[in-house]
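# Survey of secondary and tertiary structure
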Number of protein chains: 2
Amino acid sequence: MFKPAGVHTLIRQTHEDRVLRVLREHGALTRGEIADRVGLSRTTLSEITNVLLERGAITVANATGGIRAGRGRPAERLVLDPGAGQFMGVDFGHRRVRIAVSDAAHDIIASGAEFYAADSAWPERIDSCFRLIERVGEESGIHYGALQGIGIGFPGPFSPRMPKPAPVADGSSAVPAGELVFSSFVERFDASVIIDNNTRFAGLAEAIWGSAAGTQDLLYVRLSDGIGGGLVVGGQLVTGASGFAGELGHVSVSPSGVQCRCGKRGCLETIASVPAIFAGCTAKGVPIHSLDDLRAAVAKGDPIVASVLRDAGDALGRVLGSVAVALNPREIVIAGEVAQIADVIFEQAVATITYELLPVPEAAPHVRLAKLGDDDGALGAIAALFHRSPLLASYPETHQPDHQRGSTQRNIS
Amino acid sequence: MFKPAGVHTLIRQTHEDRVLRVLREHGALTRGEIADRVGLSRTTLSEITNVLLERGAITVANATGGIRAGRGRPAERLVLDPGAGQFMGVDFGHRRVRIAVSDAAHDIIASGAEFYAADSAWPERIDSCFRLIERVGEESGIHYGALQGIGIGFPGPFSPRMPKPAPVADGSSAVPAGELVFSSFVERFDASVIIDNNTRFAGLAEAIWGSAAGTQDLLYVRLSDGIGGGLVVGGQLVTGASGFAGELGHVSVSPSGVQCRCGKRGCLETIASVPAIFAGCTAKGVPIHSLDDLRAAVAKGDPIVASVLRDAGDALGRVLGSVAVALNPREIVIAGEVAQIADVIFEQAVATITYELLPVPEAAPHVRLAKLGDDDGALGAIAALFHRSPLLASYPETHQPDHQRGSTQRNIS
């Protein structure tokens, strides 16, 4: 068959794009790992990586950063040129905003946090964040000139697929907070912006860099002031039809239980959230008002506190077990400082999950404690950028500046 | 910028491929609907569809088949050339096998069923199916010469991502039934073969052609001898990490309830499956041994039977409500003849689901009865073929005959 001139060029470019995408999504990989993921022979792949190395688009990763599996000389790992772009993750929590900045090689090159009052208004929080970004830039010498994408974790339901609120005429007070955050960043930065729920992003970070690294199917829960969660199904972060996926705190456990702020009775949040655990201990005669109080009571081996924690772990296990029967995840990750402090929550949750599961060994997920720290939400936001970038196809409401919009369509227009 | 010769040809071919893929996945669409889905202007799209119409790759759909929305002349709808290929869906149930054959335009051109004993062995069932395929071919004049794909619904956990069983030396008795079915079809037919759980396929059929048509996020449950389910999340059929996703029958409802065959107590299946409902009525003094008995008792308005059915609906609603809080689906579909016979199951399930949900109107899914009949599993298997074909990318264990494997890579090698 006649092949018109230029076809080889296009094919090579397609291969190059796939290699670059795999490195963008996964960070440092050996040539063999790249070849497997891209579906090319080792020979073809080597030709392509040689061209990319020569051109400076990729570089050899620092060998000390990797984990040496097996003996012998470790295989050389390749990464995107760190200078090829910067990505920022932002996590707005109830009492602080945290940012992390990554280069294209997945190395965190700067980070920081700024605290605010839990009742502060959104315009204030956004201003805090902008000040934080400036301060971190000055401290680290980053001018954000190569900033390609910003991922924003937001403390509430949010969906890229959620319908936009109707425009309002009388000012910004009626604009939902998520929209306000999104548009503030779009106006300020010449970069792609995506926004999603911050607990969901923290779950994604655990699935990529944390204790469930590499999984395609994760059920993630975080015990905090409330209880939130995140789901990764078939490698996709699940937002749900209207942004509410992962609200595990409001699954019923005890229909005749305590009244929940959502209106039902006996939600998981009324038993296993941090305030519910404090209240449970206090009501049983052991006043607990802080995580430090709890840590002391656990260290002392207080049996009343242990029983409250065990009930919390059991309720948690019932919800996670039920959802795991429905979804058959590979990994379950439990996050939240309270779970780190009180082993019994995790132990009891594992026992109850095991009871709830189908009696089939292949169907059993691993259950683990979360590994990442307070920057998990910001890291997850960066992970989402790496996985969506450059097309950000699953984020239809994403803002993309014009110069990027052009370049991302290079292959089809 | 210099554009090498041949680039325009490649771009046009890419556009054509995308138009054909959209028609393969969705069936008949207007030019406007195609343009929206492919992301091309109406003008560019018209040029492409004109070329495809001239070449005979697509054709104008029969106008009478469509639903006329609004007034005025309905817009012309386009479909793939019906002669471009055939697709077969097979559904192995506990007591029958059913097949449906579709052309490339999504029209069912033949179908049939063959019954076998519930305890018959798998080689017998497979033989029954092959006889059925021959008989249906003779009756309809189809010679399966254009058969491109076969989708097989299997009554048990199955995952395209499940590890293959170890090969056995001493004959076929140790080969799991799913593997036996799969390899029997691969040996017999020169077509792509995919296999998955049949209830999951039935759910997919409801999401594409049934009462939840068009949704990307479905929670599906079927009340039968057991209780199975299926999940569609972000447009993907969910198999789970090891093929067990959707086993809603084994979510616990009543920890102190009746012993279930899985070993736990109080699973949904012990309350809302058909045998559980019969046993519940019989234990309360109203002997029910068949769906006809149940139909008669419902027609009579028996209050004991009504209370058993209401308890079944409540248990069903609790499980669906909990999973819906975790997943935030757009649609919930309840299938199974018993739900069609006894309105009160559905009514009570809707009431309980509504209670369990977050009190946020946007988060509320539609709850519906299933619309498709006994061929839902076979139709879902065909739907899976349309959505995976031609690359069948999410089915890594899929068998693809050599002549197809070559053609699917046309654009990249």
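The rules behind the values
Residues numbered from 1 in each chain as written. Chains lettered and ligands numbered in written order. Predicted model: local features only at pLDDT ≥ 70, side-chain atom pairs only at ≥ 80, totals over all residues. Heavy atoms only, no water. Buried < 20%, exposed > 50% of the residue type's maximum accessible area, 1.4 Å probe, protein only. Helix = DSSP H or I, 4+ residues; strand = E, 2+ residues; numbered from the N terminus. Pairing = 2+ DSSP bridges. Contact = heavy atoms within 4.5 Å. Buried area = accessible area lost by both parts, 1.4 Å probe. Salt bridge = Lys/Arg side-chain N within 4 Å of Asp/Glu carboxyl O. Polar contact = N/O pair within 3.5 Å; in protein donor to acceptor, adjacent residues only side chain to side chain. Nonpolar A, V, L, I, M, F, W, Y, C, P; charged D, E, K, R; others polar. Expected span 1.5 Å × (residues − 1). Least-squares fit on C-alpha atoms with pLDDT ≥ 70 in both. Phe/Tyr/Trp six-rings, centres within 6.5 Å; stacked < 30°, edge-to-face > 60°. Lys NZ or Arg CZ within 6 Å of the ring centre and 35° of its normal. Axes fitted to C-alpha atoms, helices over the stretch in contact; angles between N-to-C directions. Parallel < 35°, antiparallel > 145°, perpendicular 65-115°, else oblique. Left-handed = near helix turned anticlockwise from the far one by under 90°.

### As for the pairing of strand β5 (residues 96–103) of chain A
All names here are of chain A. Counting buried positions along β5 gives eight out of eight residues, so the element sits mostly inside the fold. The two faces of β5 match: R96, R98, A100 and S102 on one face and V97, I99, V101 and D103 on the other face are all buried. Looking at chain direction, strand β4 (residues 86–92) and β5 are connected through seven bridges and run antiparallel. Each residue of the ladder has a partner; that of V90, found in β5, is I99. The turn linking β4 back onto β5 is made up of three residues. Sheet topology places β5 next to strand β6 (residues 108–115); seven bridges connect them, and they run antiparallel. Among the inter-strand pairings, R96 is bridged to a residue of β6, identified as F115. The hairpin formed by β5 and β6 contains four residues between the paired strands, and H106 there has a positive phi angle of roughly 75°.

### What about the pairing of strand β3 (residues 77–80) of chain A?
Put simply, side chains in a regular strand alternate between the two faces of the sheet. Both strand β1 (residues 29–30) of chain A and β3 of chain A contribute to a ladder of two bridges, which runs antiparallel. Opposite L29 of chain A, over in β3 of chain A, you have L78 of chain A as the bridge partner.

### Examining the interface of chain B and chain A
The partner chain A presents 53 residues to the 52 residues of chain B that form the contact. Interface area for chain B against chain A, summed over the two sides, is near 4,100 Å², with a carbon-plus-sulfur share of 60%. Connecting chain B to chain A are two salt bridges. Here chain B and chain A share 20 residue pairs in polar contact (both at pLDDT 80 or more) between them. Broken down by secondary-structure element, the contributors of at least two residues to the side of chain B that touches chain A are α1 (7–26), β10 (227–233), α10 (303–327) and α12 (343–356) of chain B. Among the elements that make up the side of chain B that touches chain A, the one with the highest residue count is α10 of chain B (six residues). Taken together, the residues that form the side of chain B that touches chain A break down as 26 nonpolar, 15 polar and eleven charged.

### Let's talk about helix α4 (residues 122–140) of chain A
Residue and element names in this part refer to chain A. For α4, which comprises 19 residues, the first-to-last C-alpha distance of 27 Å matches the rise-based estimate of 27 Å (1.5 Å per residue) to within 8%. Looking only at α4, the buried set comprises W122, R125, I126, S128, C129, F130, L132, I133, V136 and G137. Its buried side turned inward, α4 meets β4, β5, β6, β7 (147–154) and α5 (177–188). Just beyond α4, the residue with positive phi is G141, at close to 75°.

### Observations regarding the relation of the copies chain B and chain A
For the pair chain B and chain A, the best superposition has an RMSD of 0.1 Å and corresponds to a rotation of 180° with a translation of 0.0 Å parallel to the axis. Considering both components of the superposition, the chain copies are consistent with a two-fold axis. Of the interface residues in chain B, 100% have counterparts in chain A that sit at the interface too, so the contact is made through matching surfaces.

### Quick look at the packing of aromatic side chains
Residue and element names in this part refer to chain A. Counted according to the given criterion, the structure contains 14 aromatic pairs over all chains. A network of ring pairs unites the aromatic residues F92, W122, F130, F154, F185 and F189 as a single cluster. The ring of W122 has R125 sitting right over it, with the charged end atom 4.7 Å from the ring centre.

### Remarks on the packing of helix α2 (residues 31–38) of chain A against helix α3 (residues 42–55) of chain A
Two packed helices can be described by the angle between their axes and the distance between those axes. Residues and elements named next belong to chain A. Between α2 and α3, whose axes approach to 10 Å, the crossing angle comes to 115°. As far as their axial angle goes, α3 and α2 are roughly perpendicular. The handedness of the crossing between α2 and α3 comes out as right-handed. Here α2 contributes R31, G32, I34, A35 and D36 to the contact with α3, which in turn contributes R42, L45, S46, T49, N50 and L53. Of the residues contributing to the contact of α2 with α3, the split by class is four nonpolar, four polar and three charged.

### What to know about the sheet that holds β10 of chain B
All names here are of chain B. Read across the sheet, five strands follow the order β11-β10-β9-β12-β13 without closing on themselves; strand pairing throughout is mixed. Two strands in the sheet have a free side with no partner beyond their single neighbour: β11 (236–237) and β13 (366–369). In the sheet, β10 pairs with β11 via two bridges, with the strands oriented antiparallel. Directly across from V233, in β11, lies its bridge partner Q236.

### So, unusual backbone geometry
Residue and element names in this part refer to chain A. The backbone phi angle of N328 is positive, close to 50°, even though this residue is not glycine. You can see N328 is positioned in the loop between α10 (303–327) and β12 (331–335). With a relative accessible area of 2%, N328 lands in the buried category.

### A word on helix α6 (residues 198–208) of chain B
All names here are of chain B. Where burial is concerned, most of α6 is hidden: ten out of the eleven residues are buried. Taken together, the buried positions of α6 are occupied by N198, T199, R200, F201, A202, G203, L204, A205, E206 and A207. For α6, the capping residue at the N-terminal end is N197, with a side-chain oxygen 3.0 Å from the backbone nitrogen of T199.

### Focus on the pattern of salt bridges
Residues and elements named next belong to chain B. With the rule as written, the count across this model stands at 39 salt bridges over all chains. For E331, the salt bridge goes to R368, with nearest N and O atoms at 2.6 Å. You can see E331 sitting in strand β12 (residues 331–335) and its partner R368 sitting in strand β13, a full 37 residues away along the chain. On the basis of relative accessibility, which here comes to 6%, the residue E331 falls in the buried class.

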